Amino acid sequence: MVVKAAGLVIYRKLAGKIEFLLLQASYPPYHWTPPKGHVDPGEDEWQAAIRETKEEANLNKEQLTIHEDCHETLYYEAKGKPKSVKYWLALLNNPDDVTLSHEHQNWKWCEVEDAIKIADYAEMAQLFRKFYKYLNA
Ligand SMILES: Nc1ncnc2c1ncn2[C@H]1C[C@H](O)[C@@H](COP(=O)(O)OP(=O)(O)OP(=O)(O)O)O1
Ligand SMILES: [Mg+2]
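Everything quoted here is computed from the prediction, not taken from an experiment.

Asker: Looking at this model, I keep getting lost on the overall build of the protein. Mind explaining?
Answerer: Helix and strand content of the protein: 3 helices and 7 strands. Overall, the protein shows an N-to-C arrangement of helices and strands of β-β-β-β-α-β-β-β-α-α. Taking 2.2 N^0.38 as the reference for a compact globule, 137 residues should give roughly 14 Å; the C-alpha atoms of the protein span a radius of gyration of 14 Å, in line with that estimate. For the protein, the spread of C-alpha atoms along the three principal axes comes to 45 × 30 × 30 Å. Counting across all 137 residues of the protein, residues that qualify as buried make up 47%. Here the contacts in the protein between residues at least 6 apart in sequence split such that 69% fall between residues at least 24 apart. Of the accessible surface of the protein, which amounts to about 7,600 Å², a share of 49% is contributed by carbon and sulfur atoms. Within the protein, one finds 17 positive and 21 negative side-chain charges whose respective centroids are separated by 3 Å.

Following this line, the structure appears as structure tokens:
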């Protein structure tokens, strides 16, 4: 059984530059990902993505413009189980402050190459490239 998760790849535009939001886990391996988490029973991936973004970064749907047509699903193994994570791209309308839940210890706004470095996983790198291309198309 695949463990399903979902999230939002949030970006902002600051001084003409696109920056992506990454959150650092407060537990090993202290990895950096966009806000995301498990799909709860009775929820679909879209609902989970929005709920997790609120819980993890304190950002509401109203503060975001979600690009419903720009999404990607990653598949990898986490804690010995296959996991899927569906991400949609979302603009943070105003570059407001982000506040964190206890699950994270730090956050960072990163330009695309920095986001790719810090996220550190090959599929995540591809996802950032694809979403960045979408924004520059
Ligand atoms: N894109 C990825 N590819 C491969 N491994 C990853 C990727 N992202 C994270 N991992 C690793 C880091 C951890 O060792 C493990 C679980 O991380 P992650 O999927 O972020 O779940 P999580 O349990 O920390 O949080 P969440 O509840 O938000 O899904 O998988
Ligand atoms: Mg999470």
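Asker: I tried to follow the coordination of the magnesium ion (ligand 2) on my own but got confused; where do I start?
Answerer: Each angle at a metal carrying four tetrahedral donors should ideally be 109.5 degrees, and each at a metal carrying six octahedral donors should ideally be 90 or 180 degrees. Only Lys36 (O) and Glu56 (OE) from the protein coordinate the magnesium ion (ligand 2), and they sit 2.0 to 2.1 Å from it. Linking Lys36 in strand β4 (residues 36–38) with Glu56 in helix α1 (residues 45–57), this pair joins segments that are 20 residues apart in sequence. Each of the two residues, Lys36 as well as Glu56, counts as buried.

Asker: Any chance you could explain the environment of Ala115 here in plain terms?
Answerer: Along the chain, the position of Ala115 falls in helix α2 (residues 112–119). Dropping the residues within four chain positions of it, Ala115 is found in contact with Phe20, Leu22, Cys110 and Phe128.

Asker: Teacher, can you tell me more about α2 here?
Answerer: In an α-helix, one turn spans 3.6 residues; hence positions three or four apart end up facing the same way. Within α2, burial applies to Val112, Ala115, Ile116, Ile118 and Ala119. Looking at the buried positions of α2, the neighbouring elements they touch are β2 (17–25), β3 (32–33), β7 (104–110) and α3 (122–136). One or two steps after α2, the chain reaches Asp120, where phi turns positive at roughly 70°.

Asker: Sorry if this is basic, but what is going on with the site of ligand 1 here?
Answerer: Around ligand 1, the surrounding shell holds 15 residues, and the nearest of these are Tyr27, His31, Lys36, Tyr76 and Lys83. Here an oxygen atom of ligand 1 and a side-chain polar atom of His31 are 3.0 Å apart. Contact with the protein chains covers 84% of the free accessible surface of ligand 1, which is 600 Å². If you map ligand 1 onto the pockets, it falls in the largest pocket. Only β4 and β5 (64–78) provide two or more residues apiece to the shell around ligand 1.

The rules behind these values
Residues numbered from 1 in each chain as written. Chains lettered and ligands numbered in written order. Predicted model: local features only at pLDDT ≥ 70, side-chain atom pairs only at ≥ 80, totals over all residues. Heavy atoms only, no water. Helix = DSSP H or I, 4+ residues; strand = E, 2+ residues; numbered from the N terminus. Rg over C-alpha atoms; globule rule 2.2 N^0.38 Å. Buried < 20%, exposed > 50% of the residue type's maximum accessible area, 1.4 Å probe, protein only. Contact = heavy atoms within 4.5 Å. Areas by Shrake-Rupley, 256 points an atom, 1.4 Å probe, with all protein chains shown as cover. Lys, Arg positive; Asp, Glu negative; His and termini not counted. Charge placed at Lys NZ, Arg CZ, Asp CG, Glu CD. Donors = N, O, S within 2.8 Å, 3.2 Å for Na, K, Ca; no water. Near = heavy atom within 4 Å. Polar contact = N/O pair within 3.5 Å; in protein donor to acceptor, adjacent residues only side chain to side chain. 1 Å grid on protein atoms, 1.4 Å probe; cavity = no way out; pocket = protein on both sides within 12 Å on 5 of 7 lines; lining within 4 Å. Sits in = over half its atoms within 2 Å of the grid points.

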